[in-house]
Amino acid sequence: MKNLFLLLLLLNFSAHAQWVELFNGRDLTGWKASENPSSFQVKDGELRIEGPRGHLFYDGPVGDHSFKNFEVKALIKTYPGANSGLYVCTAFQPSDWPSQGHEIQVNNSHTDWRRTGSLYGIIDTAEKLVHDEEWFELYIKVEGKHITTRINGRTVVEYDEPADKKRIQPGTIAIQAHDPKSKIDYKSIQMRLN
């Protein structure tokens, strides 16, 4: 019995230590859109974000779409003037900007000066680390009350949430459609639970 318990514990641990693809490249199975679902389309194996404001929340089976300590990485391509974001520690809401969690900015040339990798409104960078029309990797790690963001392996943000703040909490992730002039492609969105 003890060996069976240890085996089950080991299997559970190893399943949590693997990267899991959340976007199947065919449709939006496991995702739930708010406000303007037409802003999120799957084309040629990629998730195209283009249209009025909306958010696409992960609502699938991985981690029962409530993540506490995790890593997420996405392959993204922006087009000139585009703005998007990847929210962490958030929850579905039918309209407006998500009120729970944090937005990690995806913006290489939009008029908003906060560039890709910023922890929006908390630790912002004006430095342009990647260019439009080039694929790049956005990596985010949430561990306890600490958030790390990286672009193509380069650390952009290291943030420890103060004890009196409560924005880092178990929640899902969401992808932002910012405005009708923004066009962004996501090729892969992977999660690893820690």
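In short, a report on the structure. Numbering of residues starts from 1 in every chain and runs along the sequence as written. Only residues with pLDDT of at least 70 are given local features in this predicted model, and only at 80 or more are side-chain atom pairs given and counted; all residues enter the totals for whole chains, interfaces and linings. The basis for every side-chain value is the complete set of heavy atoms in the structure, and neither hydrogens nor water enter the calculation.

### Structural notes on the sheet that holds strand β12 (residues 172–177)
Quick reminder of the rule: For two strands to count as paired, DSSP must find a minimum of two bridges between them. Strands are runs of DSSP state E lasting at least two residues, helices are runs of H or I lasting at least four, and both sets are numbered from the N terminus onward. Every axis in this analysis is a line fitted to C-alpha atoms, fitted for helices over the stretch in contact. Angles between the N-to-C directions lie between 0 and 180 degrees.
The five strands lie next to each other as β2-β5-β12-β7-β8, forming an open sheet whose pairing is antiparallel. The open sheet has two free edges, formed respectively by β2 (31–33) and β8 (102–106), since each of these has just one partner strand. Strand-to-strand twist of the sheet, defined as the mean angle between neighbouring strand axes without regard to direction, takes the value 20°. Direction of pairing for strand β7 (residues 84–90) relative to β8: antiparallel, over a ladder of five bridges. Across the sheet, Tyr87 pairs through a bridge with Glu103, a residue of β8.

### A word on the nonpolar core
As a rule of thumb, soluble globular proteins bury nonpolar side chains together. The following threshold applies: The definition of a nonpolar core used throughout is a set of buried Ala, Val, Leu, Ile, Met, Phe, Trp, Tyr and Cys residues joined through side-chain atoms within 4.5 Å. Exposed residues in this analysis have more than 50% of their type's maximum accessible area, buried residues have under 20%, and partly exposed residues fall in between, with area computed by a 1.4 Å probe over protein chains only. Two residues form a contact once any of their heavy atoms are found within 4.5 Å.
One finds Phe70, Val88, Ile173, Tyr186 and Ile189 to be the most contacted residues of the largest nonpolar core, which totals 39 residues. The biggest single contributor to this core is strand β13 (residues 183–193), with five residues. Once residues within four sequence positions are removed from consideration, Ile189 is found in contact with Val20, Glu21, Leu22, Phe23, Trp31, Leu47, Val72, Lys73, Ala74, Ile173 and Ile175.

### Here we look at unusual backbone geometry
The phi angle at Asp44 is positive, at roughly 50°, despite the residue not being glycine. Examined against the element boundaries, Asp44 turns out to sit in the loop between β3 (40–43) and β4 (46–50). Look at Asp44 and you get exposed, because its relative accessible area is 79%. With a phi angle near 60°, Cys89 is a residue other than glycine that sits in the positive phi range. Tracing the backbone shows Cys89 in strand β7.

### Brief notes about the pattern of salt bridges
Using the following cut-off: Salt-bridge detection follows one rule: a side-chain nitrogen of Lys or Arg within 4 Å of a carboxyl oxygen of Asp or Glu.
Throughout the structure, instances matching the rule amount to ten salt bridges. With its nearest N and O atoms 3.4 Å apart, the salt bridge here joins Asp112 to Arg114. Ionic pairing is found between Asp124 and Arg114, a salt bridge with its closest N-O pair at 3.1 Å. Of this pair, Asp124 sits in the loop between β8 and β9 (136–143) while Arg114 sits in the loop between β8 and β9, and the two are ten residues apart along the sequence. For Asp124, a relative accessible area of 26% puts it in the partly exposed group. One network of salt bridges, with partners in common, ties together Glu35, Arg53 and Asp96.

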